[in-house]
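Understanding the architecture of this molecule
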Amino acid sequence: PPPHGGRRGDAPPLDPWLQPPALSTSGRRRGEARRATRHGPSPEFPGSNGASPPLYVVPAAAPVPSPAAAVTGNNTSLADDVRRGTQDVLRKYLPCTEFLVNCQQTLRSGLAKATQKVVVRCEGVGRQKSRTSVRDALTPKQFYGEFVHPLPVLFEKSVRGRMSAEDAVAASAGIRGLCRDTSACEAAGPEAMKNAFLGGMRDG
């Protein structure tokens, strides 16, 4: 007969010290309440009683403002700034840049003409024999009078109707000042005069 006194084939009874304590009905309810408090409902699915949230939630696409809305409201000042900057480029800086390019071409061709070598024959006086000499085609003073002095008037004609009267007067005054500085370089020759005028135009 089996040592525990039961029927053959029955499992032996567990030692009372190894058996888990039996939970009362109130203890079972307190455990369920603690589990519900610990897990709580799912934030993505309210009322799901602790169900696991989804691995990835697709965010809603942000609305894209239309181009017309981009220039309204707070962006109106930005559009005005862009418009004023464009007008400054077209009516102030572009005419001056075009005139600078024309000055470069005019003064370079004038320098080539001024430095062209010519032979001058000098007749002798009395017993002196005639002689020949080589010199530049134009003196620095002639170079200034033919190519530099007319530039302020040419500028005023080229920007008439393209620049405001105030900007045109200020720019013309600056060019006349450059002409005076260029005239002070006559002793250095036509090339130095050309460089002085064009350098002042680029800096201004």
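What counts, and where the lines are drawn
- Residues numbered from 1 in each chain as written.
- Predicted model: local features only at pLDDT ≥ 70, side-chain atom pairs only at ≥ 80, totals over all residues.
- Heavy atoms only, no water.
- Core = buried A, V, L, I, M, F, W, Y, C linked by side-chain atoms within 4.5 Å.
- Buried < 20%, exposed > 50% of the residue type's maximum accessible area, 1.4 Å probe, protein only.
- Helix = DSSP H or I, 4+ residues; strand = E, 2+ residues; numbered from the N terminus.
- Contact = heavy atoms within 4.5 Å.
- Axes fitted to C-alpha atoms, helices over the stretch in contact; angles between N-to-C directions.
- Parallel < 35°, antiparallel > 145°, perpendicular 65-115°, else oblique.
- Left-handed = near helix turned anticlockwise from the far one by under 90°.
- Salt bridge = Lys/Arg side-chain N within 4 Å of Asp/Glu carboxyl O.
- Arc of directions from axis to C-beta.
- Disulfide = S-S within 2.5 Å.
- Polar contact = N/O pair within 3.5 Å; in protein donor to acceptor, adjacent residues only side chain to side chain.
- Phe/Tyr/Trp six-rings, centres within 6.5 Å; stacked < 30°, edge-to-face > 60°.

So, the nonpolar core
Among the nonpolar cores identified, the biggest contains 23 residues, and Leu-107 and Phe-197 are the most heavily contacted of them. Of all the secondary-structure elements, those providing two or more residues to this core are helix H3 (76–114), helix H4 (140–148), helix H5 (151–158), helix H6 (165–183) and helix H7 (190–203). Beyond its immediate chain neighbours, meaning those up to four positions away, Phe-197 contacts Cys-103, Leu-107, Val-148, Leu-151, Ile-175, Leu-178, Cys-179 and Thr-182.

Some points on the packing of H5 against H6
At a closest axis distance of 9 Å, the pairing of H5 and H6 adopts a crossing angle of 160°. Overall, the two elements H5 and H6 adopt an arrangement that is roughly antiparallel. The handedness of the crossing between H5 and H6 is right-handed. Mapping the contact onto sequence places Leu-151, Pro-152, Phe-155 and Glu-156 in H5 and Ala-168, Ala-171, Ser-172, Ile-175, Arg-176 and Cys-179 in H6.

Comments concerning the pattern of salt bridges
According to the stated counting rule, one finds four salt bridges in the structure shown. With its nearest N and O atoms 2.9 Å apart, the salt bridge here joins Glu-146 to Lys-113. With Glu-146 in helix H4 and Lys-113 in helix H3, the pair connects residues that are 33 residues apart, well separated along the chain. What makes Lys-113 partly exposed here is its relative accessible area of 39%.

Comments concerning H5
Every buried residue of H5 is listed here: Leu-151, Pro-152 and Phe-155. Seen along its axis, H5 keeps its buried residues to an arc of 100°; they face one direction.

Section: the side chain of Ser-172
In this structure, Ser-172 sits in helix H6. Its relative accessible area of 4% is what places Ser-172 among the buried residues. Not counting residues up to four positions away in its chain, the partners in contact with Ser-172 are Pro-152, Phe-155 and Glu-156.

A short note on the state of the cysteines
Under the criterion given, the structure shown has zero disulfides. Cys-179 provides the cysteine sulfur closest to Cys-103, a residue in no disulfide bond, and the two sulfurs are 8.5 Å apart.

Some thoughts on the side chain of Thr-182
Here Thr-182 lies in helix H6. In this structure the side chain of Thr-182 is engaged in a polar contact, spanning 2.8 Å, whose partner is the backbone oxygen of Leu-178. If we skip the residues at most four places from it in the chain, Thr-182 touches Tyr-144, Val-148, Met-193, Ala-196 and Phe-197.

Quick notes on the packing of aromatic side chains
Each aromatic ring pair is specified by the distance between its two centres and by the angle formed by the two planes. Per the counting criterion, the structure on display carries two aromatic pairs. On the numbers, 4.9 Å between centres and 65° between planes, the contact of Phe-99 with Phe-155 is edge-to-face. In this pair, Phe-99 is assigned in helix H3 and Phe-155 in helix H5, connecting sequence segments 56 residues apart. In terms of burial, Phe-99 and Phe-155 fall into one category: buried.

Structural measurements only, silent on function.
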